[in-house]
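# Survey of secondary and tertiary structure
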Amino acid sequence: MQDPTRNEAERVARLSYGKLVAILAVRSRDIAAAEDALGEALLRAISEWGRSGVPANPEAWLVQVARRIDADRWRRTVSAARGSEQWLLLEDERMSGSAFDLQDDRLRLMLACAHPAIDPEMHTPLMLQVVLGIDARRIASAFLVAPSTMGQRLSRAKARIAGAGLRFELPDRSVLADRIDAVLAAIYTVYTLGWDLAFVDADRSADLVEEAIWLVRLISDLAPDHPDAFALLALVLFAEARRGARRAPGNGAFIPLDEQDPARWNHTMLAEAESALRHAGRLGAIGRFGYEAAIQAVHVARRSTGTTDWLAIEHLYRGLLSVSPTIGAHIGHAAALAEIGDVGSALERLESLPIERTAMHQPYWVARAHLLNLNGNRNAAREALSKAIGLTEDPAIRQFLLERRDRLVTD
Amino acid sequence: MQFMILNYVKPHNFADRLAENDPDGPAWGAYTKALLEAGVMVGGAALSSAHTATTVRVTNGRRELHDGPYAETKEQLGGFYLIDVPDLDTALAWAARNPAASSGAVEVRPLMQT
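Residues numbered from 1 in each chain as written. Chains lettered and ligands numbered in written order. Predicted model: local features only at pLDDT ≥ 70, side-chain atom pairs only at ≥ 80, totals over all residues. Heavy atoms only, no water.

### Let's talk about the interface of chain B and chain A
A common way to express how large an interface is: the accessible area buried when the components associate. Across the contact, 18 residues belong to chain B and 17 residues belong to chain A. Between chain B and chain A, the buried area comes to about 1500 Å², and carbon and sulfur atoms account for 59% of it. The interface formed by chain B and chain A contains two salt bridges. We note a salt bridge from A:K387 to B:E37, for which the minimum N-O separation is 3.2 Å. (Contact = heavy atoms within 4.5 Å. Buried area = accessible area lost by both parts, 1.4 Å probe. Salt bridge = Lys/Arg side-chain N within 4 Å of Asp/Glu carboxyl O.)

Given below as structure tokens:
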């Protein structure tokens, strides 16, 4: 039998976990303690709400109870000056009532997670766990690190926040400017996590995508003059609008971008993405997300023009390479060069990439196979495709590549 | 560091079945080739179906044999790779590319250091 009280407590925990931790940790700066207190408050909620009903504002109830638990703990365990100072802060907070500024607290916690004293590699995992309540196991999966290792790294980073007393500054402009990139990168990761789950766990995926879009909207509100925030908003919306069209309706087979049916794209979302990108462009210098979003914009323009302007895409990839010369950008650029008829120099560029970066990189081998095939070199194309297949994780994409390899032989 | 990658596959994905009946059939060759070309492969083999297994125990000095695998689970050990890579993260990256990772499960175990 389902227990409605437990369900309500679980629902609040699921939807508001990160927000509540943020609120609790803002003053105490101790994330682990905030999580403990919230966990205990949730347990109390299950028994107390069962007796007296679910309160009108469950979140405020949880925050108050968790604060009391936290304050009691300090009173019991901490002596000396530092403890009493902390206790006063908590008391002060408790007395200030239940009104809290959700958005600022949440963002403040994200900015604290991006503090320069914390290992940059842990910025995103920390934000994912602390602010979004994603469990260490799932974060470990996203970063392909053993779950126990990720758990330890997260604990260490949290201890560092508490131990070093890193401040949860108000997001004033200077801090925001220094750390917004880390926050945007984390939001982008949340989005890609959701994207990867799309065909595995649709509900969880929708939650994460919604969360990412919500966060990027929030940060673009708070940094209205930051072009990257709007560019990321555009990028995320462009990708999201094409989600359904990536898989065939019946068998779930993978469909690459250039074979997708534009009628299956979400046109409302595309229009919003385009307007966010225009806004980003008006704000100033275009960065990594801006170029990536602009490349998407050219691709989806096919829905009205019927063709893909590869000349524009090639140009944009050159721009992307100037600000962010990643291996992916080089591969995209080579593919665009081939599309505008310059297969020779496209292949040359691919071959000039450092082998230690390409040897294990699946998209490199897919692109290389495509270019070799365009060049009439079937056997080498087949070899490259085999290599790509051996490096593929997603079974739908593996199947797609296997079929492509079969076609190469029978042609 | 050496790691054992154990491929747990669905009963119909076994190597002694006809390749065209194994949905992962063509993917195994590509995966093995990728391991070889990366220079990390130490060894490995594919196993016949789990129903061909015989399990042996000696209890109080008496032999006990039964037909079939040690544990009757949904997925069965279908083969293994032995790889030599710098660390666990790299081993996990290879495990994720293993065709069994999406159709069954893959277990990664470090070899004991001697």
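### Some thoughts on the side chain of A:R398
One can find A:R398 in helix 21 (residues 395-410). When its relative accessible area of 3% is taken as the criterion, A:R398 is described as buried. Here A:T392 takes part through its backbone oxygen, which lies 3.1 Å from a polar atom of the side chain of A:R398. Sequence-distant contacts of A:R398, that is, excluding residues within four places in its chain, are made with A:I389, A:T392, A:E393, B:A27, B:R97, B:N98, B:P99 and B:S102. (Helix = DSSP H or I, 4+ residues; strand = E, 2+ residues; numbered from the N terminus. Buried < 20%, exposed > 50% of the residue type's maximum accessible area, 1.4 Å probe, protein only. Polar contact = N/O pair within 3.5 Å; in protein donor to acceptor, adjacent residues only side chain to side chain.)

### Looking at the environment of B:T32
All names here are of chain B. Inspection of the secondary structure puts T32 in helix 1 (residues 25-37). In this structure, the C-alpha to C-alpha distance between T32 and K74, residues 42 residues apart in sequence, is 24 Å. Polar contacts involving the side chain of T32 include one to the side chain of Y81, which spans 2.8 Å.

### Observations regarding unusual backbone geometry
Residues and elements named next belong to chain B. The backbone of N60 sits at a positive phi, close to 50°, despite the residue not being glycine. Looking at the element boundaries, N60 is found in the loop between strand 3 (54-59) and strand 4 (62-67). The exposed category is assigned to N60, whose relative accessible area is 79%.

### Quick look at the packing of aromatic side chains
On inspection of all chains with the given rule, the structure shows nine aromatic pairs over all chains. A centroid spacing of 6.1 Å and a plane angle of 40° characterise the contact between A:Y191 and A:W195, whose relative ring orientation is tilted. With a gap of four residues between them, A:Y191 and A:W195 both fall in helix 9 (residues 173-197), about one helical turn apart. Judged by centre distance (6.5 Å) and plane angle (25°), the rings of B:W28 and B:Y81 are stacked. Pair noted here: B:W28 is in helix 1 and B:Y81 is in strand 5 (residues 76-84), with a separation of 53 residues, a long-range link. The exposure class of B:W28 is buried, given its relative accessible area of 17%. The exposure class of B:Y81 is buried, given its relative accessible area of 6%. Grouped by ring-pair contacts, the aromatic residues B:W28, B:Y31, B:Y81 and B:W94 constitute a single cluster. It is A:R288 that lies over the ring of A:Y188; its NZ or CZ is 5.6 Å from the centre. Across the ring face of B:W94, the terminal group of B:R97 is positioned such that the distance to the ring centre comes to 4.5 Å. (Phe/Tyr/Trp six-rings, centres within 6.5 Å; stacked < 30°, edge-to-face > 60°. Lys NZ or Arg CZ within 6 Å of the ring centre and 35° of its normal.)

### Some points on a nonpolar patch on the surface
Together, B:V56, B:V58 and B:L65 make up a nonpolar patch on the protein surface, roughly 310 Å² of accessible area in all. Summarising the element assignment, B:L65 is placed in strand 4. (Patch = residues over 30% accessible without salt bridge, like charges linked within 9 Å, V, L, I, M, F, W, Y side chains within 5 Å. Areas by Shrake-Rupley, 256 points an atom, 1.4 Å probe, with all protein chains shown as cover.)

### So, the pairing of strand 3 of chain B
Residue and element names in this part refer to chain B. With six bridges joining them, strand 3 and strand 4 adopt antiparallel strand pairing. When the sheet's bridge partners are listed, R57 is paired in strand 4 with E64. Here strand 3 folds back onto strand 4, and the loop between the two strands holds two residues, one of which, N60, carries a positive phi near 50°. (Pairing = 2+ DSSP bridges.)

### Looking at the pattern of salt bridges
Applying the stated criterion across every chain yields a total of 13 salt bridges over all chains. Of the charged contacts, one joins A:E40 and A:R44 as a salt bridge, the two residues approaching to 3.5 Å between their closest N and O atoms. Taken together, the residues A:E40 and A:R44, both in helix 2 (residues 31-52) and four residues apart, mark about one turn of the helix. Residue A:E40 is classed as partly exposed on the basis of its relative accessible area of 31%. Of the residues examined, A:R44 reaches a relative accessible area of 34% and is grouped as partly exposed. The partner of B:K33 in a salt bridge is A:E383, and the shortest N-O contact between them spans 3.5 Å. Here A:E383 lies in helix 20 (residues 378-390) and B:K33 lies in helix 1, a pairing that spans two chains. Relative accessible area serves as the criterion here: at 27%, B:K33 is assigned to the partly exposed category.

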